[in-house]
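# Overview (structure and organization)
Spelled out from the first residue to the last, the chains are:
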Amino acid sequence: MKYLYLMLIVYFGFFLWSVINPIEGFTCFLEVIPAIIGFLVLAFTFNKFRFTNFTYLLILIHCIILFIGGHYTYAEVPFFDFIKETFHQTRNNYDKLGHFAQGLVPAMITRELFIRKKVISNESFFNFIIVSICLAISAAYEWIEWFVSLATGDGGDAFLGTQGDIWDTQSDMLFATIGAITGLILFSKIQNKQLLRIS
């Protein structure tokens, strides 16, 4: 439990930093709300279903990415401005890190749920279904971004974060897909070890 308490301290520390004097208040709200909703869902279900510490760590990292994006807006994260200038990129690509995490973290959450709840009996389809779910989540998020942009006009531009890239939506979904596949390749064994401790 000490590990979880430490993660809670980190979570709330980044959250408070994110919402204090953000570059754009409305964008900050839109970016951090998924992390708040996720926290509430995990808190309400904690006694019924407790994830492994590794999965909680990945969720925390994803929340931190959201908080940083909320504070600066995804198009103006300073370190990624530095990368943009150093490598002569045409845009600030912090949002690609966010969408990469948007694939990786849900993949590991879904994987743990599938294993522990025995959702799929035929393991040959296991990874394909997980990646497909993550791609569906990514597509749904793009719909939300589109709807918010239509509903708020200029107020949603920073949330949309296309930075003039006409292929932004497609590349966002690509990075989420790459993130999901990367998570399954790199972290499945680590997750399996933690699952053995609670089985």
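Shown above is the structure to which this text applies.
Residues numbered from 1 in each chain as written. Predicted model: local features only at pLDDT ≥ 70, side-chain atom pairs only at ≥ 80, totals over all residues. Heavy atoms only, no water.

### Let's talk about the pattern of salt bridges
Following the criterion strictly, the structure yields six salt bridges and no others. One salt bridge connects Asp-168 with Arg-91, and the closest N-O pair in it is separated by 3.0 Å. Taken as a pair, Asp-168 in helix α8 (residues 168–198) and Arg-91 in the loop between α4 (78–86) and α5 (94–116) lie far apart in primary sequence, 77 residues in all. For Asp-168, a relative accessible area of 1% corresponds to the buried category. With its nearest N and O atoms 3.0 Å apart, the salt bridge here joins Lys-96 to Asp-168. Of this pair, Lys-96 sits in helix α5 while Asp-168 sits in helix α8, placing them 72 residues apart in sequence. Of the two residues, Lys-96 and Asp-168, both sit in the buried class. A single salt-bridge network, built from bridges that share partners, covers Arg-91, Asp-95, Lys-96, Asp-168 and Asp-172. (Salt bridge = Lys/Arg side-chain N within 4 Å of Asp/Glu carboxyl O. Helix = DSSP H or I, 4+ residues; strand = E, 2+ residues; numbered from the N terminus. Buried < 20%, exposed > 50% of the residue type's maximum accessible area, 1.4 Å probe, protein only.)

### Regarding unusual backbone geometry
Backbone geometry places Thr-73, a non-glycine residue, at a positive phi of 75°. Along the polypeptide, Thr-73 turns up in the loop between α3 (53–72) and α4. With relative accessibility at 2%, the residue Thr-73 sits in the buried group. Even without being glycine, His-88 reaches a positive phi, approximately 55°. Residue position: His-88 is located in the loop between α4 and α5. Owing to a relative accessible area of 70%, His-88 belongs among the exposed residues under this scheme.

### A word on the packing of aromatic side chains
For the coordinates displayed, the defined rule picks out 16 aromatic pairs. On the numbers, 5.2 Å between centres and 70° between planes, the contact of Tyr-11 with Phe-67 is edge-to-face. Note that Tyr-11 is positioned in helix α1 (residues 2–19) and Phe-67 in helix α3, a separation of 56 residues in sequence. For the residue pair Tyr-11 and Phe-67, the accessibility class agrees, reading buried in each case. Consider the rings of Phe-79 and Phe-80, whose centres lie 5.9 Å apart with planes at 85°: the pair is edge-to-face. Note on Phe-79: relative accessible area 53%, which makes it exposed. The exposure class of Phe-80 is buried, given its relative accessible area of 16%. Ring pairs connect the aromatic residues Tyr-11, Phe-12, Phe-15, Phe-39 and Phe-67, which therefore count as one cluster. The aromatic ring of Phe-49 is capped on one face by Arg-116, whose charged end is 4.1 Å from the ring centroid. (Phe/Tyr/Trp six-rings, centres within 6.5 Å; stacked < 30°, edge-to-face > 60°. Lys NZ or Arg CZ within 6 Å of the ring centre and 35° of its normal.)

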